[in-house]
Amino acid sequence: QVHLVESGGGLVQPGGSLRLSCATSGRTFSSYAMGWFRQAPGKERDFVTTISRNGGTTYYTDSVKGRFTISRDNAKNTVYLQMNSLKPEDTAVYYCAASPPPAQNMRAPGQVWYWGQGTQVTVSS
C-alpha cells in the first residue's frame, strides 16, 4: 500500500511558477514509477507527466513540455512537479500517482494503482 499526500498548490498569476510536492509513506517508494495527472472542472482526469523509478526517464504531455519538470528524491520518498510559465488553462486539481514500472505505461488514469487526494492549482490574474 502506498499513501500519497500532495502539497504546494495555490493561486498564481499567468506566467508565474509553482512547485508541487508529493510525499509518500512506506519503504517501497523507489519501486514505483511516479506521475502527475490533472482534472479541470467538468473534464476528465488527464495525464501530465511521469518519471521512472530512478528518475532517469521522464514523459510529458505535449501541452506542458518545456514548462513543467518532474523530479524525485528517493531518499525523501518525494516526487516534485515544478511548473513554470503557468497559463490559465493549467488550472486544475493536480493528483500525484504511483504505479509499478515502467513509467511509460502510466499515461492513463486506468493504469494508476495509487492516487493522492489532489491539490488545487488556479492560474488567474
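Bear in mind that the values here come from a model prediction, so they are computed numbers and not experimental data. (Residues numbered from 1 in each chain as written. Predicted model: local features only at pLDDT ≥ 70, side-chain atom pairs only at ≥ 80, totals over all residues. Heavy atoms only, no water.)

Asker: Any details on the packing of aromatic side chains? Residues and values, ideally.
Answerer: Enumeration over the complete set of coordinates arrives at four aromatic pairs. Considering the side-chain rings of Tyr32 and Tyr114, the 5.8 Å spacing of their centres and the 80 degrees angle between planes classify their relative orientation as edge-to-face. In this pair, Tyr32 is assigned in the loop between strand S3 (18–24) and strand S4 (33–39) and Tyr114 in strand S10 (residues 114–115), connecting sequence segments 82 residues apart. A residue is classified by how much of its surface remains accessible, and Tyr114, at 14% relative accessible area, is buried. Where Phe37 meets Trp115, the ring centres are 5.2 Å apart and the plane angle is 75 degrees; that geometry is what we call edge-to-face. Placement of Phe37 in strand S4 and of Trp115 in strand S10 is noted, with a sequence separation of 78 residues between them. Residue Trp115 is classed as partly exposed on the basis of its relative accessible area, which comes to 28%. The rings of Phe37, Phe47, Tyr95 and Trp115 are connected pair by pair, giving a single aromatic cluster. The ring of Trp115 is capped by Arg45, whose NZ or CZ atom sits 4.5 Å from the centre of that ring. The cationic tip of Arg72 hangs over the ring face of Phe29; the distance from NZ or CZ to the ring centre is 4.4 Å. (Phe/Tyr/Trp six-rings, centres within 6.5 Å; stacked < 30°, edge-to-face > 60°. Helix = DSSP H or I, 4+ residues; strand = E, 2+ residues; numbered from the N terminus. Buried < 20%, exposed > 50% of the residue type's maximum accessible area, 1.4 Å probe, protein only. Lys NZ or Arg CZ within 6 Å of the ring centre and 35° of its normal.)

Asker: Which residues make up the pairing of strand S5 (residues 45–51), and what values go with them?
Answerer: With five of seven residues buried, S5 lies mostly within the body of the structure. Relative to S5, S4 is paired through six bridges, and the arrangement is antiparallel. Within the sheet, the bridge partner assigned to Arg38 lies in S5 and is Asp46. Between S4 and S5, which pair antiparallel and follow one another directly, the connecting turn spans five residues, one of which, Gly42, has a positive phi of 75 degrees. For S5 and strand S6 (residues 58–60), the ladder comprises three bridges, and the chain directions are antiparallel. (Pairing = 2+ DSSP bridges.)

Asker: Break down the nonpolar core for me, citing the residues and quoting the values.
Answerer: Within the largest apolar cluster, 27 residues are counted, with the highest numbers of intra-cluster contacts made by Met34, Trp36, Val79, Met83 and Tyr94. Those elements giving two or more residues to this core turn out to be S3, S4, S5, strand S7 (68–73), strand S8 (78–83), strand S9 (92–99) and strand S11 (119–123). With four residues, the top contributor of residues to this core is S9. Aside from chain neighbours lying at most four places away, what touches Tyr94 is Glu6, Leu20, Trp36, Phe37, Arg38, Val48, Phe68, Leu81, Met83, Gly118, Thr119 and Val121. Grouped together as the second largest cluster of nonpolar side chains are five residues, Phe37, Phe47, Met106 and Val112 included. (Core = buried A, V, L, I, M, F, W, Y, C linked by side-chain atoms within 4.5 Å. Contact = heavy atoms within 4.5 Å.)

Asker: Would you mind going over the side chain of Thr24 in detail, with residue names and values included?
Answerer: Position of Thr24 among the secondary structure elements: in strand S3. Overall, Thr24 belongs to the buried group, its relative accessible area being 12%. Excluding residues that lie within four positions of it along the chain, Thr24 makes contacts with Val2, His3, Leu4, Phe29, Met34 and Asn77.

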